Amino acid sequence: EVQVVESGGGLVQPGGSLRLSCSASGFTFSNAWMSWVRQAPGKGLEWVGRIKSKTDGGTTDYVAPVKGRFTISRDDSKNTLYVQMNSLKTEDTAVYYCAIDHNSDNYFDYWGQGTLLTVSS
Amino acid sequence: DIQMTQSPSSVSASVGDRISITCRASQGIGTWLGWYQQKPGKAPKLLIYGASSLRGGVPSRFSGSGSGTDFTLTISSLQPEDSATYYCQQANSLPPLTFGGGTKVEIK
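Throughout this document, residue positions are counted from 1 along each chain, in the order its sequence is written. Chains carry letters and ligands carry numbers; both start at the beginning, A for chains and 1 for ligands, and go up in the order they are written. In keeping with the predicted nature of the model, local features appear solely for residues at pLDDT of at least 70, side-chain atom pairs appear and are counted solely at 80 or more, and the whole-chain, interface and lining totals rest on all residues. Computation of side-chain values: all heavy atoms of the structure, hydrogens and water removed.

## Focus: the environment of Gly30 of chain B
Residue and element names in this part refer to chain B.
Stage number 1. Mapped onto the elements, Gly30 comes out in the loop between β3 (19-25) and β4 (33-38).
Stage number 2. Residues Gly30 and Asn92 lie 62 residues apart in sequence; the distance between their C-alpha atoms is 7.6 Å.
Stage number 3. The contact criterion used is simple: two residues touch if any of their non-hydrogen atoms lie within 4.5 Å. Beyond its immediate stretch of four places on either side in the chain, Gly30 contacts Ser67, Gly68 and Phe71. Strands here are runs of E lasting at least two residues and helices are runs of H or I lasting at least four, both read from the DSSP assignment and numbered beginning at the N terminus.

## A look at the packing of aromatic side chains
Stage number 1. Geometry of aromatic contacts follows a simple scheme: Phe, Tyr and Trp rings, the Trp one being its six-membered ring, pair when their centres are within 6.5 Å, and the pair is stacked under 30 degrees between planes, edge-to-face over 60, tilted otherwise. One pass over the structure, following the stated rule, counts nine aromatic pairs over all chains.
Stage number 2. Each ring, one from Phe27 of chain A and one from Phe29 of chain A, has its centre 6.2 Å from the other, and the planes form 40 degrees; the classification is tilted. A single burial state applies to Phe27 of chain A and to Phe29 of chain A, both of which are buried.
Stage number 3. By the ring-pair criterion, three or more aromatic residues cluster together here, those being Tyr97, Phe108 and Trp111 of chain A together with Tyr36 and Phe99 of chain B.
Stage number 4. By definition here, charges over rings are those cases where NZ of Lys or CZ of Arg is within 6 Å of the ring centre and within 35 degrees of the ring normal. The ring of Tyr110 of chain A has Arg55 of chain B sitting right over it, with the charged end atom 5.0 Å from the ring centre. The cut-offs for exposure are 20% and 50% of the maximum accessible area for each residue type, with area from a 1.4 Å probe on protein chains only; residues under the lower value are buried, those over the upper are exposed, and the others partly exposed.

## Section: the sheet that holds strand β3 (residues 18-25) of chain A
All names here are of chain A.
Stage number 1. One open sheet holds the four strands; their spatial order is β1-β3-β8-β7, and the pairing between them is antiparallel. At either margin of the open sheet sits one strand with a lone partner, and together these are β1 (3-7) and β7 (70-75). Sheet twist, expressed as the average angle between the axes of neighbouring strands with direction ignored, equals 15 degrees.
Stage number 2. In this analysis, strands are considered paired if DSSP registers two or more bridges between them. Two strands pair when backbone bridges link them, and β3 and strand β8 (residues 80-85) are joined in this way by six bridges, in the antiparallel orientation. Each bridged residue has a counterpart across the sheet, and for Cys22 the counterpart in β8 is Leu81. To define axes, lines are fitted to C-alpha atoms, for helices over the stretch in contact only, and angles between the resulting N-to-C directions are given on a 0 to 180 degree scale.

## Things to note about the side chain of Gln89 of chain B
Stage number 1. As for its placement among the helices and strands, Gln89 of chain B is situated in strand β9 (residues 84-90).
Stage number 2. Reaching out from Gln89 of chain B, the side chain makes a polar contact with the backbone oxygen of Asn106 of chain A at a distance of 2.8 Å.
Stage number 3. Excluding residues that lie within four positions of it along the chain, Gln89 of chain B makes contacts with Asn106, Tyr107 and Phe108 of chain A together with Trp32, Leu33, Gly34, Tyr36, Leu97, Thr98 and Phe99 of chain B. Two N or O atoms count as a polar contact when they lie within 3.5 Å, although within protein this holds only if one can serve as hydrogen donor and the other as acceptor, and sequence-adjacent residues are included solely when both atoms are side-chain atoms.

## Let's talk about the side chain of Gln6 of chain B
Residues and elements named next belong to chain B.
Stage number 1. Structurally, the position occupied by Gln6 is in strand β1 (residues 4-7).
Stage number 2. With relative accessibility at 11%, the residue Gln6 sits in the buried group.
Stage number 3. A polar atom in the side chain of Gln6 sits 3.0 Å from the backbone nitrogen of Cys88.
Stage number 4. A distance of 3.1 Å separates a polar side-chain atom of Gln6 from the backbone nitrogen of Gly102.
Stage number 5. Those residues in contact with Gln6 that lie beyond four places of it in its chain are Ile21, Thr22, Cys23, Trp35, Tyr86, Tyr87, Cys88, Gly100, Gly101, Gly102 and Thr103.

## With respect to the pairing of β7 of chain A
All names here are of chain A.
Stage number 1. Here β7 shows one buried face, formed by Phe70, Ile72 and Arg74, and one open face, formed by Thr71, Ser73 and Asp75.
Stage number 2. Examined bridge by bridge, β7 and β8 share six bridges and lie antiparallel to one another. The residue of β8 that forms the bridge with Ser73 is Tyr82.
Stage number 3. In textbook terms, the turn of a hairpin is the stretch between consecutive antiparallel strands, and for β7 and β8 this stretch comprises four residues, one of which, Asn79, has a positive phi near 50 degrees.

## Overview of the interface of chain B and chain A
Stage number 1. Taken together, the contact pairs 21 residues of chain B with 20 residues of chain A.
Stage number 2. Counting the surface lost from both chain B and chain A, the interface buries some 1700 Å², and carbon and sulfur atoms represent 64% of this.
Stage number 3. As used here, buried area is the combined drop in accessible area, with a 1.4 Å probe, of two parts when they are placed together. A per-residue breakdown of the area chain B buries against chain A is headed by Leu94, Leu97 and Phe99 of chain B, which together make up 28% of the total.
Stage number 4. What counts as a salt bridge is simple: a side-chain nitrogen of Lys or Arg found within 4 Å of a carboxyl oxygen of Asp or Glu. Counting the contacts that link chain B with chain A gives zero salt bridges.

Written as structure tokens, this is what we have:
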């Protein structure tokens, strides 16, 4: 059974930093392309960024509003995905989901339960 | 960026009704289109990929169609557990991958 658990959310002041983690099991983590998707309160889904598997180059892509501020990384030895978020803005407030692209086809087969980031003074 | 536009934004229907939700892409995406269901307080679930392929375990009352820029999600016989918000997502090109704005389905 696939299990995905995000952690690290909380309250941060504007301009601050935070790192979210996503621990996954039940599949071959190292082969999966992993994304972060966020959802602001009462709003729709927004893809934040992705990291490919190392065998596919381990490259990252980001949505424009977070490029240069967010960094996605992975530790395949720990089956864990990360996103380091710097220079946080109030508009980054959202539930952040870890989303698994198991077949490397840009669809998200499995999701975590999400972790809430609130950016506020 | 490819923009995804869903309509309607909400629909209210009775149990047993057939409903359809449309999704339009701002440029052609072939059949690189997925549909997700999200219930309040829960993570989204993938229902359909490749515009019309039903994910394993998803009830057969859900179906998808379309190609290019116009796509449809149909629920053939609405059930109480189908009350949720549905999102389309283009999987053709990134960055960024993009979602539609969502369609809230309510049961009368």
